[in-house]
Amino acid sequence: MTRRRWIADSWDQSTASLTGEQASHLIRVLRAQAGMEYDIVAGDRVWHGVIAGISGDAVRFNLMAEVEADPALPITLLLSIFKFDRLEWAIEKATELGVERIVPVIARRSEKHLAQSAANRVERWRRIAREAAKQSRRSDIPTIEDVLPLKTAARQNSDAKRLLLAEQERSTTLRHAVEEAIRDAGENMPAIRLAIGPEGGWTAEEEALFGVEGWRSVSLGPRILRAETAAITAAAVVAALME
Ligand code: SAH
């Protein structure tokens, strides 16, 4: 039986508390009482929690034992800024799929007004990721980085296998590249970074920059997918090969 899971608003090594809308839902809708048991996420770990007390609109739990946490998948998505409603959908789905980190980037063909207001949306994107993590019972919340210029993101040094989702690529499939990375990584799972372009696609200069920085172009097939479809499909392919 999997217990319902809450994300603690505050905690110490033996207790955790919910406040705000989580607490009022637990008190008013679920009629919280001392002794009720739930999973509590506190400090990136999941605990078996037992309600110790309710005061006003705060619920306090005793943390009994740690519950085996399911770690995020070592997948980072570099998402070029595209229409916010679709981008936010992609953030929610990538969170459900277990993606560890999302880096919003400004590509040449990211619409200018979206690029300008992206920085003001990052807190909202972090909230979307937190809610999606809770709903999908993740024990961790994916990191949404601050918005980066594409050049900076493409150059970020990381030991991850860096794969550029390129709609023109015809010879290497994402699946082939990931299977190869998994084989090369031996018993560990390789970290994978996936870069997704904007609605207008990558420019030739951007593809050349990625190439120079050691990114490998990979294909998701002959059809042109919307950016959000490509993001989710790529994350799902990698997740499926890793699980
Ligand atoms: N405007 C472009 C399509 C851009 S799609 C055109 O019409 O050609 C947005 C992004 O999704 C692309 O930059 C790429 O990163 C990804 N993508 C879409 N289809 C893909 C495919 N078949 N293979 C790999 N990546 C793809």
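In case you missed it, the structure is sitting above this.
Sequence positions are assigned chain by chain, starting from 1 and proceeding in written order. Restriction of local features to residues with pLDDT of at least 70 applies here, the model being predicted, together with a cutoff of 80 or more for giving and counting side-chain atom pairs; totals for whole chains, interfaces and linings are based on all residues. Working from all heavy atoms in the structure, the side-chain values ignore hydrogens and water.

Turning next to the nonpolar core. For soluble globular proteins, nonpolar side chains are generally found buried alongside one another. Residue types Ala, Val, Leu, Ile, Met, Phe, Trp, Tyr and Cys, when buried and joined through side-chain atoms within 4.5 Å, form a set referred to as a nonpolar core. Summary of the burial criterion: residues with accessible area below 20% of their type's maximum are buried, those above 50% are exposed, and those between are partly exposed, where the area comes from a 1.4 Å probe applied to protein chains only. Formed by 40 residues in total, the largest nonpolar core has its most connected members in Leu79, Ile91, Trp125 and Leu194. Counting from the N terminus, the helices are DSSP H or I runs at least four residues long and the strands are E runs at least two residues long. In terms of residue count, helix H8 (residues 227-242) provides more of this core than any other element does, nine residues in total. By definition, residues are in contact when any of their heavy atoms lie within 4.5 Å. In this structure Leu194 touches Ile75, Thr76, Leu77, Leu78, Leu163, Leu165, Leu174, Trp215, Ala234, Ala235 and Val238, once residues within four positions along its chain are discounted. Judged by nonpolar contacts, the second largest core, of 16 residues, contains Trp6, Ile27, Val59 and Phe61.

This part covers a positive patch on the surface. Taken together, Arg108, Arg109, Lys112 and Lys151 make up a surface patch of like positive charges. Mapped onto the elements of the fold, Lys112 is located in helix H3 (residues 112-118). What makes a patch is a set of residues exposed beyond 30% relative accessible area and free of salt bridges, joined within 9 Å when like-charged and within 5 Å when nonpolar (Val, Leu, Ile, Met, Phe, Trp, Tyr). Computed with the Shrake-Rupley method and a 1.4 Å probe, the accessible areas treat only the protein chains shown as cover for residues. By convention in these notes, a salt bridge is any Lys or Arg side-chain nitrogen within 4 Å of a carboxyl oxygen on Asp or Glu. Asp and Glu are treated as the negative residues and Lys and Arg as the positive ones, with His and the ends of the chain left uncounted. To locate a charge, take NZ of a lysine, CZ of an arginine, CG of an aspartate or CD of a glutamate.

Attention now moves to the site of the ligand. A cutoff of 4 Å decides nearness: a residue is near a molecule or strand if any of its heavy atoms lies inside that distance of it. Taken together, 20 residues are adjacent to the ligand, and Leu165, Glu199, Leu220, Gly221 and Arg223 come closest. Gly197 is positioned with one of its backbone polar atoms (N or O) 2.9 Å from an oxygen atom of the ligand. Here a polar contact is recorded for every N or O atom pair within 3.5 Å, except that within protein the pair must consist of a potential hydrogen donor and a potential acceptor, and residues adjacent in sequence are included only if both atoms are side-chain atoms. In this structure, Leu220 approaches the ligand through a main-chain N or O atom, which is 2.9 Å from a nitrogen atom. For the ligand, the accessible surface in isolation is 560 Å², of which the surrounding protein chains cover 86%. Residue type decides the class: Asp, Glu, Lys and Arg count as charged, Ala, Val, Leu, Ile, Met, Phe, Trp, Tyr, Cys and Pro as nonpolar, and the leftover types, Gly among them, as polar. Looking at side-chain class alone, the shell around the ligand contains 11 nonpolar, six polar and three charged residues.

On to the packing of aromatic side chains. Any pair of Phe, Tyr and Trp rings, taking the six-membered ring for Trp, is counted once the centres come within 6.5 Å. Such a pair is stacked with planes under 30 degrees apart, edge-to-face with planes over 60 apart, and tilted for the rest. Tallied over the entire structure, the rule returns five aromatic pairs. Measuring from ring centre to ring centre gives 5.0 Å for Trp202 and Phe210, while their planes differ by 70 degrees; the resulting arrangement is edge-to-face. On the basis of relative accessibility, which here comes to 0%, the residue Phe210 falls in the buried class. Geometrically, the ring pair formed by Phe210 and Trp215 is edge-to-face, given 5.0 Å between the ring centres and 75 degrees between the ring planes. Residue Trp215 is classed as buried on the basis of its relative accessible area, which comes to 6%. Ring-pair connections join several aromatic residues into one group, and the members of that group are Trp6, Tyr38 and Phe61.

Moving on, we get to the pairing of strand S8 (residues 99-106). Look at any regular strand and the pattern is simple: side chains alternate between the two faces of the sheet. Across six bridges, strand S7 (residues 73-80) lies against S8 in parallel orientation. Within the sheet, the bridge partner assigned to Ser80 lies in S8 and is Val105. Handedness is read with the strands pointing away from the viewer; a crossover is right-handed when the path from the first strand over the helix to the second is clockwise. Handedness of the β-α-β unit built from S7, helix H2 (residues 84-96) and S8 comes out right-handed. Two strands make a pair as long as DSSP finds a minimum of two bridges between them. Where S8 meets strand S9 (residues 143-144), two bridges bridge the pair, whose relative direction is parallel. Within S9, the position partnered with Arg101 by the bridge is Thr143.

Strand order across the open sheet formed by six strands is S1-S4-S5-S6-S3-S2, with mixed pairing between neighbours. The open sheet has two edge strands with one neighbour each: strand S1 (5-7) and strand S2 (10-11). Direction of pairing for strand S3 (residues 15-18) relative to strand S6 (residues 58-67): antiparallel, over a ladder of four bridges. Bridge pairing in S6 places Leu18 opposite Val59.

Spatial relationships are all this shows, so hold off on functional conclusions.
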